[in-house]
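Report on the structure
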Amino acid sequence: MTIVTRFAPSPTGRLHVGNIRTALHNWMLAKKNGGTFLLRIDDTDAERSREDYIEAIRADLAWLGIVPDAEERQSLRLAKYQAAFDALKQAGQVYPCYESPQELELKRKIRLGRGLPPIYDRGALDLSEEERAAKEAAGSVPHWRFKLEHDEPIAWNDGVRGAQKFDPAQLSDPVIRRADGSWLYMLPSAVDDLDMGVTDVLRGEDHVSNTAVQIQMFTALIAAQYPARQMPAFAHEALLVGKEGKLSKRLGSLGCDAFRERDIEPTAIIALLARLGTSLPVEPIADRAVLLDTFDLSTFGRAPAKFDETELERINAALVHQLAFADVADRLTDGIDEAGWHAIRPNLSHVSEAAEWWRLVIGPIEQPELSEDDRAYLEEAARLLEWGDEPWRALTGALKEATGRKGKSLFLPLRQALTGMAHGPDMGELLPLIGEEQARKRLEAAARG
Ligand code: GLU
């Protein structure tokens with residue numbers, strides 16, 4: 001059986017790091033198994049869904065390289081939900097309810113006051129035909145609930161959490177349709193998962209109790225409408241928390257815009273999120289084939305996964321150090337060439353810092369403050385500078401011989417004179433880029449002080 005997974009965002013906001021992680025894992029689960037990864041836009045909430053969010057979701061996924069094999073949109077599939085609803089109604093598995101939000105709130109409070117779980121009391125099921133007709137004649141329009149079967153526990157083997165068991169009598173019959181005819185999330189999602197042949201539902205653990213309810217919906221829908229389909233497998237990953245271990249507000253707004261602004265490579269986000277919360281080590285792995293190879297739900301832990309921005313920075317820097325010139329050429333400015341990129345790369349935490357370091361080559365550089373002794377030494381350096389294949393090696397070799405200096409006192413004044421800085425890229429790579437004429441000028445300028 002080919003695996004079909006889906007990422008199903010509601011376009012009521014931008015993707016944040018938690019959604020990105022769910023999208024990535026669904027993509028990985030499909031791709032590792034040669035399957036299909038769907039992007040399903042859950043836009044049944046017409047009031048809160050926005051077209052610009054849908055576009056941003058597509059753009060963010062494209063930037064991350066999480067490419068869907070197909071895109072579906074719930075607002076274009078309303079006829080399917082109506083057909084499923086009709087079938088469930090026919091089978092007596094949905095029922096109309098007439099309580100106002102205020103009435104429901106009151107019932108809830110009363111139950112809580114009696115120490116009962118605050119679930120719906122199924123009052124609407126007790127209404128007679130006449131009572132119902134009277135309500136409708138008086139202008140009351142019903143909303144609809146799915147009737148949970150109470151006879152046996154709901155159980156499944158969760159891909160991350162292991163054996164799960166729920167007592168349906170402890171759950172509210174979920175509202176699936178509002179009085180205005182619009183759909184709540186639960187039923188359309190189950191209909192789509194069946195209709196699209198989704199084999200694996202992988203989502204955050206905030207959906208565990210939805211799964212319990214939806215399992216009964218799947219069973220009812222398979223019986224009523226989709227006899228050729230099967231219940232998907234379910235897996236719920238532990239939520240992402242901030243470094244301090246708390247569900248942080250910041251994570252909820254941390255998304256691709258913030259990452260782009262900080263010049264984080266998409267590969268760094270992918271490398272981190274692919275393994276965060278698993279027993280596999282988080283490493284700067286650029287090759288997705290390697291990440292896919294080791295992807296396995298059985299490595300996912302049940303404890304919340306800690307997202308640490310300093311870890312992301314660390315992974316980013318390590319991946320920048322691996323980037324080939326061809327990967328970054330179109331992002332480099334000021335004429336940085338391949339040799340320049342190689343010289344500078346080990347000093348970067350972000351690609352955007354390349355221009356800063358490149359200034360050491362093209363100048364102007366800052367004039368270092370040096371002792372009289374060092375200035376004399378640099379005068380000697382300017383005199384001994386000879387150009388060849390390895391000018392740095394030649395220069396330092398000649399100076400060592402001529403002055404007896406070694407180590408820091410041999411190298412540091414040269415670096416300072418040639419770059420204006422006390423640290424930086426490898427001088428052996430940098431000096432040929434600076435060139436003979438500039439190098440001599442800088443040595444002489446430093447010697448003059
Ligand atoms: N639209 C739902 C959400 O964003 C989808 C959940 C699911 O994966 O089924 O929470």
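The structure this text deals with has already been given above.
Now for a description of the structure that goes with this document.

Procedures and definitions
Residues numbered from 1 in each chain as written. Predicted model: local features only at pLDDT ≥ 70, side-chain atom pairs only at ≥ 80, totals over all residues. Heavy atoms only, no water. Salt bridge = Lys/Arg side-chain N within 4 Å of Asp/Glu carboxyl O. Helix = DSSP H or I, 4+ residues; strand = E, 2+ residues; numbered from the N terminus. Buried < 20%, exposed > 50% of the residue type's maximum accessible area, 1.4 Å probe, protein only. Expected span 1.5 Å × (residues − 1). Near = heavy atom within 4 Å. Polar contact = N/O pair within 3.5 Å; in protein donor to acceptor, adjacent residues only side chain to side chain. Areas by Shrake-Rupley, 256 points an atom, 1.4 Å probe, with all protein chains shown as cover. Nonpolar A, V, L, I, M, F, W, Y, C, P; charged D, E, K, R; others polar.

This brings us to the pattern of salt bridges. Taken as a whole and judged by the stated rule, the model has 37 salt bridges. Of the charged contacts, one joins D257 and R14 as a salt bridge, the two residues approaching to 2.9 Å between their closest N and O atoms. Of this pair, D257 sits in helix α9 (residues 256-261) while R14 sits in the loop between β1 (4-7) and α1 (17-32); the two residues are 243 residues apart in sequence, bridging distant segments of the chain. Here E99 ties to K107 by a salt bridge, and the two come within 3.1 Å at their closest N and O atoms. The class for E99 is buried, based on a relative accessible area of 10%. Several salt bridges share partner residues, and in doing so they unite R6, R40, D42, E72, R77, K80, D192, D193 and D195 into one network.

With that out of the way, let us pick up α1. Look at α1: 22 Å from first C-alpha to last across 16 residues, which is about the 22 Å you get at 1.5 Å a residue. Most of α1 sits inside the fold, with 13 of its 16 residues counted as buried. Just beyond α1, the residue with positive phi is G34, at close to 65°.

Once that is clear, we can look at the site of the ligand. Looking at the ligand, the residues that line it are R6, A8, S10, D42, Y185, S189, R203 and H207. One of the side-chain nitrogen or oxygen atoms of R6 is found 2.7 Å away from an oxygen atom of the ligand. Measuring from an oxygen atom of the ligand, one finds a side-chain N or O atom of Y185 at 2.6 Å. Across the complex, the protein chains shield 78% of the 300 Å² of accessible surface that the ligand would expose by itself. By residue class, the composition of the shell around the ligand is two nonpolar, three polar and three charged.

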